[in-house]
Amino acid sequence: MSHEGAPQTSDQIDATGLNVVIIAGTWHEVITDGMIAGAERVLNAANATHRLVRVPGSFELAVAAQAAFAGGADAVVALGVIIRGGTPHFEYVSSATTDGLGRVALDAGKPVGFGVLTVDDEQQGLDRAGLADSKEDKGAEAADAALRTALVIRTLREAH
């Protein structure tokens, strides 16, 4: 696992007025719940309005994100866990989830914070879940990226 090259985002941002939907899969509950907590912590600190919705798995994140944008969300934080198994299923679900979320973001012109872990085993997920003994907090990182991008988009749109 490499966190090398990650941006240092210690500056506090003000996302007052932004409406964010956290969409999280239900697989691998301990990991996902850790990422949700990290995302909520970042959104609360930035004063963003947010709510959580759950979907069955990572594959369903894209269509739920599309619905969130249709409902007025300014940004989505997509959280899920896909653990490699012994079949090609991992590659199909990982690819479809990534492609789907990218398409939704581009179609909406709004950011999707990508917090979908694609890992080889459960320990790699736990290491990234933002838990007390985790090395990384991908839920917090995804929320931060979504907020910062939504604010950039707001500024660019106001410039015209």
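In what follows, the structure referred to is the one given above.
Structural notes, computed from the coordinates. The structure displayed is predicted, hence computed values, not measured ones.

This part is about the pairing of strand 2 (residues 49-55). Across seven bridges, the pairing between strand 1 (residues 19-25) and strand 2 is parallel. Opposite Ile23, over in strand 2, you have Val53 as the bridge partner. Crossover connection from strand 1 via helix 1 (residues 29-45) to parallel strand 2: handedness right-handed.

Counting residues in hydrophobic clusters, the biggest one holds 28 residues, and the most contacted among them are Leu18, Val20, Leu43, Val77, Leu79 and Leu147. For this core, the secondary structure elements donating two or more residues are strand 1, helix 1, strand 3 (75-83), strand 4 (112-119) and helix 5 (138-158). Examining the composition of this core, we find that seven residues originate from one element, helix 5, more than from any other. Counting 20 residues, the second-largest nonpolar core is a separate cluster that includes Val55, Ala62, Ala65 and Val104.

Note that Thr97 resides in helix 3 (residues 89-108). By relative accessible area, Thr97 is classed as buried at 1%. Of the polar contacts made by the side chain of Thr97, one reaches the backbone oxygen of Val93; its length is 2.7 Å. Excluding residues within four positions of it along the chain, Thr97 makes contact with Ser58, Phe59, Leu61, Ile82 and Val116.

Attention now moves to helix 3. Between its first and last C-alpha atoms helix 3 spans 28 Å; for 20 residues at 1.5 Å apiece the expected length is 28 Å, and the two agree. Listing the buried residues of helix 3 in full gives Phe90, Val93, Ser94, Thr97, Gly100, Leu101, Val104 and Ala105. Down the axis of helix 3, the sector holding all buried residues measures 140 degrees, keeping them to one side. Turned more than 90 degrees off the buried face of helix 3, the exposed positions are Tyr92, Asp99, Arg103, Leu106 and Asp107. Tucked into the core, helix 3 has its buried residues touching helix 2 (61-70), strand 3 and strand 4. Trailing helix 3 by a residue or two, Gly109 shows a phi angle of about 70 degrees, which is positive.

The subject of this paragraph is the pattern of salt bridges. For the coordinates displayed, the defined rule picks out 10 salt bridges. A salt bridge links Arg148 to Asp11; the shortest N-O distance between them is 3.3 Å. Separated by 137 residues along the polypeptide, Arg148 in helix 5 and Asp11 in the segment before strand 1 bring together distant segments of the chain. A relative accessible area of 21% places Arg148 in the partly exposed class. On the basis of relative accessible area, Asp11 is assigned to the partly exposed category, the value being 45%. In this structure, Glu91 and Arg84 form a salt bridge, with 2.6 Å as the shortest nitrogen-oxygen distance. Given a relative accessible area of 37%, Arg84 falls into the partly exposed group. Through salt bridges with shared partners, one network takes in Asp11, Asp144 and Arg148.

What counts, and where the lines are drawn
Residues numbered from 1 in each chain as written. Predicted model: local features only at pLDDT ≥ 70, side-chain atom pairs only at ≥ 80, totals over all residues. Heavy atoms only, no water. Pairing = 2+ DSSP bridges. Helix = DSSP H or I, 4+ residues; strand = E, 2+ residues; numbered from the N terminus. Right-handed = clockwise from strand over helix to strand, strands pointing away. Core = buried A, V, L, I, M, F, W, Y, C linked by side-chain atoms within 4.5 Å. Buried < 20%, exposed > 50% of the residue type's maximum accessible area, 1.4 Å probe, protein only. Polar contact = N/O pair within 3.5 Å; in protein donor to acceptor, adjacent residues only side chain to side chain. Contact = heavy atoms within 4.5 Å. Expected span 1.5 Å × (residues − 1). Arc of directions from axis to C-beta. Salt bridge = Lys/Arg side-chain N within 4 Å of Asp/Glu carboxyl O.

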